[in-house]
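# Chains, contacts and geometry: an overview
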Amino acid sequence: MSLAEVAAEHGLHRVGARPRFGHYLREAWTRRDFVIAMAQYRLRADLEGNRLGVLWLVLQPALNAAIYGAIFGLLQGNARGADFPAHVVIGVFLWQFFAKCLTNGAKSITGNQALVQSLAFPRITLPISEVIEQFLSLMPSMLLLVVILPFFGHWPTWSWLLMIPLLVLYSLFNTGIALIAARLTVHVRDLTQLLPFISRILFYTSGVLFNVDNIFKAHPLVVRLYDFHPLYQVLQMARSSLMGGHDYNPFYWLYFSVWAVVVLVFGLLFFWVAEERYGRD
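Now for a look at the structure at hand. (Residues numbered from 1 in each chain as written. Predicted model: local features only at pLDDT ≥ 70, side-chain atom pairs only at ≥ 80, totals over all residues. Heavy atoms only, no water.)

### Details of the overall build of the chain
- Regarding its fold elements, the chain presents 13 helices and zero strands.
- Classification of the 281 residues of the chain by burial places 45% in the buried group.
- Contacts spanning at least 24 positions in sequence make up 80% of the contacts within the chain whose residues lie at least 6 apart.
- Carbon together with sulfur atoms contributes 68% to the accessible area of the chain, which is approximately 15200 Å² in total. (Helix = DSSP H or I, 4+ residues; strand = E, 2+ residues; numbered from the N terminus. Buried < 20%, exposed > 50% of the residue type's maximum accessible area, 1.4 Å probe, protein only. Contact = heavy atoms within 4.5 Å. Areas by Shrake-Rupley, 256 points an atom, 1.4 Å probe, with all protein chains shown as cover.)

### Observations concerning the packing of helix α12 (residues 230–243) against helix α13 (residues 252–273)
- Where α12 meets α13, the closest approach of the two axes is 10 Å, and the angle between their N-to-C directions is 135 degrees. Of the possible angle classes, the one that applies to α12 and α13 is oblique. For α12 against α13, the interelement crossing comes out left-handed. Only Tyr252, Trp253, Tyr255, Phe256 and Trp259 of α13 make contact with α12, whose side of the interface consists of Pro230, Tyr232, Gln233, Val234, Gln236 and Met237. (Axes fitted to C-alpha atoms, helices over the stretch in contact; angles between N-to-C directions. Parallel < 35°, antiparallel > 145°, perpendicular 65-115°, else oblique. Left-handed = near helix turned anticlockwise from the far one by under 90°.)

### Notes on helix α9 (residues 191–205)
- Between its first and last C-alpha, α9 extends 20 Å over 15 residues, near the 21 Å set by a 1.5 Å rise per residue.
- Buried residues along α9 sit in contact with α4 (56–76), α5 (84–106) and α8 (163–187).
- Phi for Gly207, located one or two positions after α9, is positive at around 75 degrees. (Expected span 1.5 Å × (residues − 1).)

### Points about the side chain of Ser141
- Along the chain, Ser141 falls in helix α7 (residues 125–148).
- If near-sequence neighbours (up to four positions away) are discounted, Ser141 is found in contact with Leu57, Val58, Pro61 and Phe93.

### Things to note about the packing of aromatic side chains
- Tallying each qualifying case throughout the model produces 18 aromatic pairs.
- For the ring pair Phe173 and Phe256, a centre distance of 5.5 Å and an interplane angle of 50 degrees mean the geometry is tilted. Taken together, the residues span a long stretch of sequence, with Phe173 in helix α8 and Phe256 in helix α13 at a distance of 83 residues.
- According to the relative accessible area criterion, Phe173 is buried, its value standing at 4%.
- Feature note: the residues Tyr68, Trp95, Phe97, Phe98, Phe135, Tyr170, Phe173, Phe203, Tyr204 and Phe256 constitute an aromatic cluster, connected by ring pairs. (Phe/Tyr/Trp six-rings, centres within 6.5 Å; stacked < 30°, edge-to-face > 60°.)

### Structural notes on the packing of helix α3 (residues 32–48) against α7
- Where α3 meets α7, the axes come as close as 8 Å, and the angle between the chain directions of the two elements is 55 degrees. Judged by the angle between their axes, α3 and α7 are oblique. When you trace α3 past α7, the crossing you get is right-handed. When α3 is examined against α7, the residues Phe34, Val35, Ile36, Met38, Ala39, Gln40, Arg42, Leu43 and Asp46 are found in contact with a partner set consisting of Thr125, Leu126, Ile128, Ser129, Glu130, Ile132, Glu133, Leu136 and Ser137.

### Description of the environment of Gln117
- In this fold, Gln117 is placed in helix α6 (residues 113–118).
- Expressed as a C-alpha distance, the spacing of Gln117 and Tyr278, which sit 161 residues apart in the sequence, is 8.2 Å.

As structure tokens, then:
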């Protein structure tokens, strides 16, 4: 009788073996309190090292928006369009959520090697915890938007409530991105060196700092392609909800919902398949 047959006869399972997908997700769900507590602890630890503490959660994106807005506003001239300050503030605040989920999610396994190698738990909880941490960091920025948008002439309306389902979809999308990046970084450690460049390229090409219709008005095909750009869709939906844009395409909700579900499901499966390799590669 082989060792595998003996183990099966006595109900023994290989340590670190990958469970079935459904069981894996249920096991991760039972650790939701641990995931949330980890996210809260890391956020608190990051803030306690700064004199201004939680104020940096609003100061950092506000300063980024001010600096980028001033520079790119001057460079674009008349092409920047109306409501440029509000356009940039919304873009920068929401972009930061994606960028940090990408970069921090990529390091969620490789940056916790001691934990991964010493304890048995679903590794998926680590990148998900990173996304939750960044979502908590985003909330003060969203509150700041409520305060400063009236100064740009955009007062609260019922359409602002659309930000709730939008942030839910955006969080699902970013979770999938974090899971994909986390596994890729395990296999290709040098990816962590490339991610800042990838993030910067996406930042400058996703419509965060410019109006796509104005910049590419001579290239309608490019404008049309942006309709299928998931990050651009998020920014446009947010701007339409908060600023009442007239050129908003309501099909963005359908497009981005499909993007969010597909990226999340693919990320879950992609990460789960390599579960046995985390902590060993």
